[in-house]
Amino acid sequence: QVQLVESGGGLVQAGGSLRLSCAASGSIFSFNTMGWYRQAPGKERDLVAAIGRGGNTNYADSVKGRFTISRDSAKNTVYLQMNSLKPEDTAVYYCKAVSWRNDAYWGQGTQVTVSS
């Protein structure tokens, strides 16, 4: 059973930075894509950033230039570096992995709160 464990969330002031980590129970190269999603209260869960097996990345327009997704295959971990945080970035952030068979796996989520 695939397990994804997120960490690194917390409370930060606007303009600050946080780095989220998503540790997978197996090799991250067993997944076709891995990504970060977020869900604010009363809103849908939306894609923030994703990275493909070949290293290609894509970002939501709202975070381009501020957030960076990366991976460390030796640690089976995907990261989300978040800089210049804004109050509207406040949400629960979830890690998602999609297998080659298109099976989707989710982590439990980590809360990010940005104060103004």
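Residues numbered from 1 in each chain as written. Predicted model: local features only at pLDDT ≥ 70, side-chain atom pairs only at ≥ 80, totals over all residues. Heavy atoms only, no water.

### A short note on the state of the cysteines
- Applying the stated criterion across every chain yields a total of one disulfide.
- The disulfide partner of Cys22 is Cys95, and the S-S distance across this bridge is 2.0 Å. Looking down the S-S bond of the Cys22 and Cys95 bridge, the torsion is -75 degrees, so its handedness is left-handed. Here Cys95 lies in strand β9 (residues 91-99) and Cys22 lies in strand β3 (residues 18-24), a separation of 73 residues in the sequence.
- By relative accessible area, which is 0% here, Cys95 ends up buried. (Disulfide = S-S within 2.5 Å. Helix = DSSP H or I, 4+ residues; strand = E, 2+ residues; numbered from the N terminus. Buried < 20%, exposed > 50% of the residue type's maximum accessible area, 1.4 Å probe, protein only.)

### A word on the environment of Ser21
- Along the chain, Ser21 falls in strand β3.
- Here Ser21 falls in the buried class, since its relative accessible area comes to 15%.
- Residue contacts for Ser21: discarding those within four places in its chain leaves Val5, Glu6, Ser7, Trp36, Thr77, Val78 and Tyr79. (Contact = heavy atoms within 4.5 Å.)

### Thoughts on the sheet that holds β3
- Pairing in this open sheet of four strands is antiparallel, and the strands run β1-β3-β8-β7 from one edge to the other. Each edge of the open sheet carries a strand with a single partner, namely β1 (4-7) and β7 (67-72). Strand-to-strand twist in this sheet, taken as the mean axis angle between neighbours without regard to direction, amounts to 15 degrees.
- In terms of strand pairing, β3 meets strand β8 (residues 77-82) through six bridges, oriented antiparallel. Looking across to β8, one finds that Ser21 is bridged to Tyr79. (Pairing = 2+ DSSP bridges. Axes fitted to C-alpha atoms, helices over the stretch in contact; angles between N-to-C directions.)

### Regarding the packing of aromatic side chains
- Here the structure, examined in full by the defined rule, presents three aromatic pairs.
- Ring centres of Tyr37 and Trp106 lie 5.1 Å apart, and the angle between their planes is 70 degrees; on these two criteria the pair is classed as edge-to-face. In this pair, Tyr37 is assigned in strand β4 (residues 31-39) and Trp106 in strand β10 (residues 104-106), connecting sequence segments 69 residues apart.
- When the ring of Tyr94 is compared with that of Trp106, the centres are 6.4 Å apart and the planes differ by 85 degrees; the resulting orientation is edge-to-face. With Tyr94 in strand β9 and Trp106 in strand β10, the pair connects residues that are 12 residues apart, well separated along the chain. (Phe/Tyr/Trp six-rings, centres within 6.5 Å; stacked < 30°, edge-to-face > 60°.)

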